[in-house]
Amino acid sequence: MDSDTIMGPMDLKVRELLKEVQLDYSSATTKLVDDTVSAIKQAIDTIPEDLKVTADLAPQFVRDIGADKVEFNFKKPKLIELGGSYSMRCIAKPDVNIDLFVRLPKFECFHEKDYLNHRYHAKRFLYLCIIKKYLNSSSLIQKVEWSTLQNEARKPLLVVHPAMELDEIPGFFVRIIPTATSLFSILKLNMKRNNVRSLKQDESTPQATPKYNSSILEDMFLENNAEFVKQTFLGWKELGEALILLKVWARQRSSIYAHDCLNGFLISVIMAYLATDSGRNLINNSMKPMQIVRFTLDFIASSKLWNSGLYFKSQSLPNISKEELQERKQRLRLFPVVISESLAQFNLVFRITGSGFMELQDEACLSLSCLDKCKDGGLEELFLTKIDYAAKYDYCMRLNLKGNSDVHASGFCLDEECWRSFEQKVHALLLQGLNDRAKFIRVTWKNATSESNVENGLSICDQEPLLIGISISSLEKAFRVVDVGPNAENKDEALKFRKFWGEKAELRRFKDGTIAESTVWDSKQWERHTIIKRITGYLLSRHLSLSERNIVHVVDQLDFSLVHGIGDPISFSGSLLEAFEELSKRLHLLKDIPLKVSSVQPLDSAFRFTSVFPPEPHPLANEKSYVPRLNKLTSTCIKPLEVVIQLEGSGNWPMDDIAIEKTKSAFLIRIGESLQNNWGMLCTATEENVDVLMSGYAFRLKILHERGLSLLNMQNGSNHVKRISSVDKELFIRGQHSSMINGLQGRYPIYGPVVRLAKRWVASHLFSAFLVEEAVELLVAYLFLKPLPFHAPCSRISGFLRFLRLLSEYDWNFSALVVDINGDLSPSDEKEINENFTTSRKGYEEFAHNVNPAMFLATAYDKASEAWTRFSPNSLELRRLGAYARGSVNLLTKLIYKGQVDSYRWECLFRTPLNNYDAVILLHREKMPYPQQLLFPSEMNQGKHVAHGDASKAFHPFLLPEYMKGNSTDLKDKLLVDFDPLRCFIGDLEKEFPDTFKLWYDSLGGDAIGMVWDRSLSKKRERDEEEEKDRVNVLKAVGEVGKGFVRSVYLLKSPRLRN
């Protein structure tokens, strides 16, 4: 029987994934590898024996590493053989490269004491310089570049690109790695010895050089360790496949696939340990690849063996006392993580840092959660999701240290290289300064690039910025304003505290009477997310003398899109909630209405902290008769905030929908009159709405009919549901949504700012008509409720980036996005949602462009995705939204890593290209109701200018000076509640030109409208000129409809050109 026929769905998906990432060892691939290796061997064979090699070949490198006595006569390598993943058939695409071991000749080129003072490193490099020179003269080799072994600049290696290329493995290259088998006495390189004589603890005491010694031992053991791993994997198909999967897993996680943490070789070493007697054969032949992956991740995440170290058993263990063995193991405790052979002479993971290993264990834990909790066994989260610094960490920083001589003031290479020492210095500094604010702090500095020419010395290794990622422990701790230090009576600790914090340290008396040292980071509520930026900036400047321009914090670069005037309007939310509480209290106290008010619920997004621009208190929206002092820019308009009211039960309500709505209107008018009579509140009424002005805000009252509520609580299959008015159904769903989002905001305080950025982005790219704000709130909620393979975001920029990635990467065609905010969806609910989704996709094969809803958002209150995305975005609009999101993801990621890219700055994330439309309408900015919300004024320098209009004098967004002299009543009459000329204009166009074009606009203050001709009008005509003339006439008519509001109309493309 075919093995595929007995596989489960999970196994089949794993098999498909392996097909994508496994290298096909075809005859063409094998030939390319063999020919390249043969070309390298031929080039090396042409090097003359006893060629004199001196420091003159690379004087700056030799000088920088501090080596002496480096001359030798060149001898050919003792051995050249393939090693690494290729020899085990465990290469994981797309990184197809092979390792070629070149064994350095022992006696001919190296002396007995060349392990001292970097002589070995210098000779090793000079040996490679000779090889590089002769490789460059080979016609079979395209180019030869320098790289490094695990980012260790003193251990360069050669990267050889063959002249021949193969489409199946683009970018293929060979790494030439020198090995030093049996070159020196192992005893001379034990961890407690000093082999860099210039390094001393004090004037007379040499300092141990464990990292330096390990660097040489690594080359000495390289062949043996590679052979041991190869023998373990040989013939074990499942183990090899599991290794490939784990390589894919690690490569997706840039914070752990790094020089101070994990690489492909170390993964294979851990697996080899678990698959042999050393690890008690915990991985066995009966396991499938994914079972091995799970077991390995579980071992990394939680094994207690890491505390004592992993030691391989030796088949030929000599007689060695327990005390001696214990002492050797003790020497290796100099490292946070140990994997060693039983004699404990060399630690294979000597580069892994404590912070790197903590990150590794955390990633392994998260991955195990993905396997247990995510759909399809978490395959997408484990192997297909990119977990980089930008999306993973709450705060990212870059330190530009190019040309900073302080980094290598003590020398480039001592025990450790200066860049690794600087990483540790920065990490220790931030760890002490941030204390319990930070959960993880990751500091990495990539020193080698393919362009680096290390022959010119090590000063070029500071070209890339040092990268810092900070995961905060909780928002409460991160946003803390006061840090309490040691008690004043503890003089020694207080002195240390003052020395560390300098001028920021101050002695304070606290409410409990304690007098203690402290630091204070005064911030307005809406600026608290910048406290960590201020702390880290201060510490780096104080202790490392870094200037402000060399410290780049990725924290508040997008805040410009949410603020106007002197700050963030979210700061007025407190007064808004107080006003609502007072309104609710007064409504409950009303006694002169037929039915008492039983509940009051806010519906507007401003109440749940997700409105991009929550309203500021308006001086005229006040129940008091006197007029407060007005500033020069007092707005003419005020936005109403919807509030839904429920009345106590009654059997006297009419049964007819229209009669019910009329009765509601009568009740609302009566409520308004009662509020006016009892408290002097200003109320305005229309047939649809009653607006109440109080405490600086306008509240729009709505009534939810109690019969509608009771019927909605019944089963959806009931015939009664059809009789509920659409108004009641909408109010009920909006109420459900509002209360759920409000609860979520309480659990995740950073949720609101992320939603606000997301809404601003959607609107700025003119998608306001196609993605309603509730849908955006649900999309962002999903990131917090289902954050795997991440932790829930704790900063606005990382949350915003994940929102953009969700939009661009989610498979909307074949997956419903289920947002279970309160965790109350039962298995039967999930089954119902899946059935609804399947039903919506039945015609996908035939009508892929007409699937509704294209974006299926399911919640507990809306299992069929009817509330927010039933008709829009459609498939084409959703594809366009995804394309824009992809562009923004790429730009945002580059900005986080590199800062400004060419002319692209942070603002460009919210600038939308207007040349993607068939026509563009520009509006008079000064006629927008809230002109201060406009991000970027729009201008056109292309297309055909077909219409121009002057601004109307009938409306001004701010009260004119002559109005200020009027009395209270006159001034309040000038106040326009819910006046939105853009919405009116859009409505008029849709009414005047049905099925002619589609409109794209920004509802948050944009001054441009994009137009796309309806597809049905894009059929081929006989005369292009006639067609364009028709378009021009339509656009002129559009200008007439918006007379006084429309500034210009441009024709960019006719339908035929667009198609």
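Note that the structure is a prediction, hence the values are computed from the model and not measured.

Quick notes on the rules
- Residues numbered from 1 in each chain as written.
- Predicted model: local features only at pLDDT ≥ 70, side-chain atom pairs only at ≥ 80, totals over all residues.
- Heavy atoms only, no water.
- Axes fitted to C-alpha atoms, helices over the stretch in contact; angles between N-to-C directions.
- Helix = DSSP H or I, 4+ residues; strand = E, 2+ residues; numbered from the N terminus.
- Parallel < 35°, antiparallel > 145°, perpendicular 65-115°, else oblique.
- Contact = heavy atoms within 4.5 Å.
- Nonpolar A, V, L, I, M, F, W, Y, C, P; charged D, E, K, R; others polar.
- Phe/Tyr/Trp six-rings, centres within 6.5 Å; stacked < 30°, edge-to-face > 60°.
- Buried < 20%, exposed > 50% of the residue type's maximum accessible area, 1.4 Å probe, protein only.
- Lys NZ or Arg CZ within 6 Å of the ring centre and 35° of its normal.
- Pairing = 2+ DSSP bridges.
- Expected span 1.5 Å × (residues − 1).
- pLDDT = per-residue confidence, 0-100.
- Salt bridge = Lys/Arg side-chain N within 4 Å of Asp/Glu carboxyl O.

Side note on the packing of helix 20 (residues 573-589) against helix 21 (residues 657-679)
For any two helices packed against each other, the geometry is given by the interaxial angle and the distance between the axes.
In step 1: Interaxial distance between helix 20 and helix 21 falls to 11 Å at its minimum, and their mutual angle equals 100°. It follows that helix 20 is roughly perpendicular to helix 21 by the angle criterion. Residue-level contacts link Leu583, Arg586, Leu587 and Leu589 of helix 20 to Ile671, Leu675 and Trp679 of helix 21.
In step 2: The class makeup of the residues in the contact of helix 20 with helix 21 is six nonpolar, no polar and one charged.

Things to note about the packing of aromatic side chains
In step 1: Taken as a whole and judged by the stated rule, the model has 45 aromatic pairs.
In step 2: Arranged with centres 5.6 Å apart and planes meeting at 80°, the rings of tyrosine 751 and phenylalanine 784 form a pair that is edge-to-face. One end of the pair, tyrosine 751, is in helix 24 (residues 751-764); the other, phenylalanine 784, is in helix 25 (residues 773-785), and 33 residues separate them in sequence.
In step 3: Its relative accessible area of 0% is what places tyrosine 751 among the buried residues.
In step 4: Between phenylalanine 770 and tryptophan 1000 the ring centres are 4.3 Å apart and the planes differ by 55°, which places this aromatic pair in the tilted class. Linking phenylalanine 770 in the loop between helix 24 and helix 25 with tryptophan 1000 in strand 28 (residues 997-1001), this pair joins segments that are 230 residues apart in sequence.
In step 5: In this structure tryptophan 1000 comes out as buried when scored by relative accessible area, which is 4%.
In step 6: Each residue in the set Phe228, Tyr273, Phe299, Trp306, Phe312 and Phe357 is aromatic and connected to the rest through ring pairs, giving one cluster.
In step 7: Lying over the aromatic face of tyrosine 25, arginine 89 brings its terminal NZ or CZ to 4.4 Å of the ring centre.

Here's the deal with the sheet that holds strand 12 (residues 466-472)
In step 1: Read from one edge of the open sheet, four strands run 11-12-10-16, paired in antiparallel fashion. Every other strand in the sheet has two partners, leaving strand 11 (438-444) and strand 16 (551-554) as the edge strands with one partner each. With strand direction ignored, the average angle separating the axes of adjacent strands in the sheet is 15°.
In step 2: Strand contacts of helix 19 (residues 531-544): strand 10 (395-399), strand 12 and strand 16, with the helix running at about 165° to strand 16, the strand carrying the most contacts.

Let's talk about the environment of asparagine 915
In step 1: Within the fold, asparagine 915 resides in the loop between helix 28 (875-898) and strand 25 (919-923).
In step 2: Judged by relative accessible area, asparagine 915 falls into the partly exposed class, the value being 35%.

Remarks on helix 6 (residues 119-135)
In step 1: If you check helix 6, its first and last C-alpha atoms are 24 Å apart, about what 17 residues at 1.5 Å a residue would give, namely 24 Å.
In step 2: With 16 of 17 residues buried, helix 6 lies mostly within the body of the structure.

Description of the confidence of the model for the chain
In step 1: Put simply, the chain has an average pLDDT of 89, and 92% of its residues get 70 or more.
In step 2: Across residues 1-5, confidence stays below pLDDT 50; counting only partners more than four residues off in sequence or on other chains, it has two contacts.
In step 3: Counting contacts from residues 714-723, a segment whose pLDDT is below 50, to residues more than four positions away or on other chains yields eight contacts.

A closer look at the sheet that holds strand 19 (residues 640-647)
In step 1: The five strands lie next to each other as 17-19-22-21-20, forming an open sheet whose pairing is mixed. Taken across any chain shown, the strands that pair with only one partner, and hence form the sheet edges, are strand 17 (597-602) and strand 20 (682-685). Averaged over neighbouring strand pairs, the angle between their axes works out to 30° when direction is ignored.
In step 2: Sheet topology places strand 20 next to strand 21 (residues 690-694); four bridges connect them, and they run antiparallel. Note that in strand 21 the partner of threonine 684 across the bridge is aspartate 691.
In step 3: Helix-sheet contacts for helix 20 involve strand 17, strand 19, strand 21 and strand 22 (697-703), and the interaxial angle to strand 17 is about 165°.

Considerations on the environment of serine 278
In step 1: Its place among the elements puts serine 278 in the loop between helix 9 (264-274) and helix 10 (289-302).
In step 2: Distance from serine 278 to tyrosine 311, taken between C-alpha atoms, is 7.0 Å for residues 33 residues apart in sequence.

Section: the pattern of salt bridges
Pairing is possible between side chains that carry opposite charge, provided their charged atoms lie close to one another.
In step 1: Summed over the entire model, instances satisfying the criterion amount to 59 salt bridges.
In step 2: Glutamate 16 is the partner of lysine 19 in a salt bridge, and the nearest nitrogen-oxygen pair spans 3.4 Å. Here lysine 19 and its partner glutamate 16 are both found in helix 1 (residues 9-21), three residues apart, which amounts to about one turn of the helix.
In step 3: Looking at lysine 19, the relative accessible area reads 54%, which means it is exposed.
In step 4: Judged by relative accessible area, glutamate 16 falls into the partly exposed class, the value being 47%.
In step 5: A salt bridge links glutamate 49 to lysine 75, with the shortest nitrogen-to-oxygen separation between them at 3.7 Å. With glutamate 49 in the loop between helix 2 (27-45) and strand 1 (51-53) and lysine 75 in the loop between strand 2 (72-74) and strand 3 (79-83), this pair connects stretches of sequence that are 26 residues apart.
In step 6: Look at the salt bridges and you will find they share partners, linking Arg124, Glu152, Arg154, Lys155, Glu218, Asp219 and Arg351 into a network.

What to know about helix 24
In step 1: Taking 1.5 Å of rise per residue, 14 residues should cover 20 Å, and helix 24 covers 20 Å from first to last C-alpha, within 8% of that figure.
In step 2: Just past helix 24, the residue leucine 766 takes up positive phi, approximately 65°.

Digging into unusual backbone geometry
In step 1: Residue proline 94 is bonded to the preceding lysine 93 through a cis peptide linkage, with omega at 10°.
In step 2: You can see proline 94 is positioned in the loop between helix 4 (84-88) and strand 4 (97-103).
In step 3: For the bond running from serine 872 to proline 873, omega is 0°, close enough to zero to count as cis.
In step 4: You can see proline 873 is positioned in the loop between strand 24 (857-858) and helix 28.
In step 5: Phi is positive for serine 695, close to 55°, though the residue is something other than glycine.
In step 6: The topology assignment puts serine 695 in the loop between strand 21 and strand 22.
In step 7: For serine 695, a relative accessible area of 32% translates into the label partly exposed.

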